[in-house]
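# Chain and residue survey
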Amino acid sequence: MAKALVLFSGGIDSQLACLILMKQGIEVVPIFFETYFFKGEKVKRFAEEIGLKLRIEDISEEHLKIVQNPPHGYGKNMNPCIDCHMLMIKKAKEIMEKEGFDFIATGEVLDERPFSQRRTVFEEMEKTLGLEGKIVRPLSQKLLKVSEPELKGIIKREEMLDIRGQSRKIQLKLVKEFGLKEYKTPASGCILTDPEYAKRLKMLKNINPNFDGNDSEILRNGRVLFEGKTIFVVGRNEIENKRLESLRKPNDVMLVPDFPGPSVLIRGFDNKIDEEIINKGKELLLNYSKKQNKDPLNSIKEITGA
Ligand code: SF4
């Protein structure tokens, strides 16, 4: 039985790509490449919905370098989709060659996303990665060059589709035909496409172009305030307070009240966190606290060091 490695994001398109291939008797392995900005845990159930077990591969560190400096630039927000996809396909190619898969498939739809899903981008990617003819895009394959698996008769071109553009009408019709109950919209899992998060990440990049995964994570765990080269993150609930505490680095200062209120993480880049900065953090903490002690300033613990 022929085997396909299918890039799987959990979105309808990737589910449908798997189903179309499975209908042709292909053994499908859905693969998800996990990054700091898109975790695999939530995607598993979308593979289970179509009877498959999701394979998760962590590419966080390599992906982070692309987010810091994408050769093909960003999409609408801080999403470097062309280079991100290229990295994923490169990784998939390594796995395909090592483990004997026949081809790689994706749920990409021609012209669905003006930045990354264009014919020229597909062709450039295949050429750069030495994968010409080896990538099948079942949802648009009929509109693309004939692939190797079609030439070899592994898959039938006439059973591939010719979807093009941003309308999702045909996909929704197929969802009904295949009886899918759980599906999500494309890209809804990648936080780099979120305008609010992207704003924060851009500001982080401005003050620290070599930000690490931990820096990018604190930005999604509370209210964030930038002041010069310092970031203040105010937890919005118990889960975020705990999360911020676990993300604290030795040079950070963590403010924890002994009255009901948020924890505040203070992180400086190339600057020392002095008394003035700590007082600003305490002020923020008090602003977001409902109840306070009689002597609130002396009821806030300052945690720092290893
Ligand atoms: S939306 Fe996110 S995960 Fe998807 S290709 Fe773009 S950057 Fe990569």
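Residues numbered from 1 in each chain as written. Predicted model: local features only at pLDDT ≥ 70, side-chain atom pairs only at ≥ 80, totals over all residues. Heavy atoms only, no water.

## As for the overall build of the protein chain
- A count of helices and strands for the protein chain gives 11 helices and 10 strands.
- Dimensions of the protein chain along its principal axes, counting C-alpha atoms only, are 75 × 35 × 35 Å.
- By the burial criterion, 51% of the 306 residues in the protein chain qualify as buried.
- Within the protein chain, contacts between residues at least 6 apart in sequence are counted, and of these 62% link residues at least 24 apart.
- When the accessible surface of the protein chain is summed, it comes to about 15200 Å², and 50% of that surface belongs to carbon and sulfur atoms.
- Placing the 52 positive and 47 negative side-chain charges of the protein chain at their respective mean positions leaves the two points 3 Å apart. (Helix = DSSP H or I, 4+ residues; strand = E, 2+ residues; numbered from the N terminus. Buried < 20%, exposed > 50% of the residue type's maximum accessible area, 1.4 Å probe, protein only. Contact = heavy atoms within 4.5 Å. Areas by Shrake-Rupley, 256 points an atom, 1.4 Å probe, with all protein chains shown as cover. Lys, Arg positive; Asp, Glu negative; His and termini not counted. Charge placed at Lys NZ, Arg CZ, Asp CG, Glu CD.)

## A few points about the sheet that holds strand β4 (residues 103-105)
- Taking strand neighbours across the sheet as the criterion, the five strands line up as β3-β2-β1-β4-β5 in an open arrangement whose pairing is parallel. Sheet topology places β3 (55-58) and β5 (135-136) at the edges, where each strand pairs with a single neighbour.
- The pairing of strand β1 (residues 3-7) with β4 spans three bridges and is parallel. Following the sheet pairing, Val-6 is matched in β4 by Ala-105.
- Packed on one face of the sheet, helix α4 (residues 81-99) meets β1, β2 (27-34), β3, β4 and β5 and runs near 160° to β1. (Pairing = 2+ DSSP bridges. Axes fitted to C-alpha atoms, helices over the stretch in contact; angles between N-to-C directions.)

## Observations concerning unusual backbone geometry
- Of note in the backbone geometry, Asp-111 takes a positive phi value of approximately 65° without being a glycine.
- Among the structural elements, Asp-111 can be located in the loop between β4 and α5 (119-128).

## Details of the domain arrangement of the protein chain
- Structurally, the protein chain comprises domain 1 (3-178) and domain 2 (194-303).
- Just the C-alpha atoms count here: the centres of domain 1 and domain 2 sit 38 Å apart.
- With nine residues of domain 1 at the contact, the number on the domain 2 side is 15 residues.
- Of the roughly 980 Å² buried at the junction of domain 1 and domain 2 (both faces included), carbon and sulfur atoms supply 62%.
- In this structure, the connection of domain 1 to domain 2 is made through one salt bridge. (Domains from an automatic or database assignment. Buried area = accessible area lost by both parts, 1.4 Å probe. Salt bridge = Lys/Arg side-chain N within 4 Å of Asp/Glu carboxyl O.)

## Some points on the UniProt feature "domain: Thil AANH" (unreviewed entry) in the protein chain
- Using the residue numbers shown here, the UniProt feature "domain: Thil AANH" (unreviewed entry) corresponds to residues 3-110.
- Along residues 3-110 the backbone is 42% helical and 19% strand, and the end-to-end C-alpha distance reaches 24 Å. (UniProt positions renumbered as here; feature names shortened; annotations may be inferred.)

## Here's the deal with the side chain of Gln-24
- Along the polypeptide, Gln-24 turns up in the loop between α1 (12-23) and β2.
- Once you skip the residues sitting within four places of it in the chain, Gln-24 turns out to touch Ile-154, Ile-155, Lys-156, Glu-159 and Met-160.

## What to know about the nonpolar core
- Formed by 58 residues in total, the largest nonpolar core has its most connected members in Leu-21, Phe-37, Leu-201 and Ile-231.
- It is α1 that provides the largest number of residues to this core, a total of seven residues.
- Each of domain 1 (3-178) and domain 2 (194-303) contributes no fewer than three residues to this core.
- Those residues within four positions of Ile-231 in sequence are excluded, and the remaining contacts are Leu-204, Ile-207, Leu-219, Val-224, Leu-225, Phe-226, Leu-265, Ile-266, Arg-267 and Phe-269. (Core = buried A, V, L, I, M, F, W, Y, C linked by side-chain atoms within 4.5 Å.)

## Observations concerning the pairing of strand β6 (residues 223-227)
- On β6, burial follows the alternation: Val-224 and Phe-226 on one face are buried, whereas Arg-223, Leu-225 and Glu-227 on the facing-out side are not.
- Strand direction decides the pairing type here: β6 and strand β7 (residues 230-234), joined by five bridges, are antiparallel. Residue pairing for β7: Leu-225 is matched across the bridge by Phe-232.

## Remarks on the packing of α4 against α5
- Here α4 crosses α5 at 40°, and the two axes come no closer than 11 Å. As far as their axial angle goes, α5 and α4 are oblique. Judged by the twist between their axes, the crossing of α4 over α5 is right-handed. In contact with Ile-82, His-85, Met-86 and Ile-89 of α4, α5 contributes Val-121, Glu-124, Met-125 and Thr-128. (Parallel < 35°, antiparallel > 145°, perpendicular 65-115°, else oblique. Left-handed = near helix turned anticlockwise from the far one by under 90°.)

## Remarks on the pattern of salt bridges
- Under the definition given, this model contains 28 salt bridges.
- Measuring nitrogen to oxygen at the nearest pair gives 2.9 Å for the salt bridge that ties Glu-148 to Lys-134. Taken as a pair, Glu-148 in helix α6 (residues 148-151) and Lys-134 in the loop between α5 and β5 lie far apart in primary sequence, 14 residues in all.
- For Lys-134, a relative accessible area of 25% corresponds to the partly exposed category.
- With a shortest N-O distance of 4.0 Å, Lys-156 and Glu-159 are connected by a salt bridge.
- Each of Asp-212, Asp-215, Lys-249, Asp-252 and Arg-267 takes part in salt bridges that share partners, so that together they form one network.

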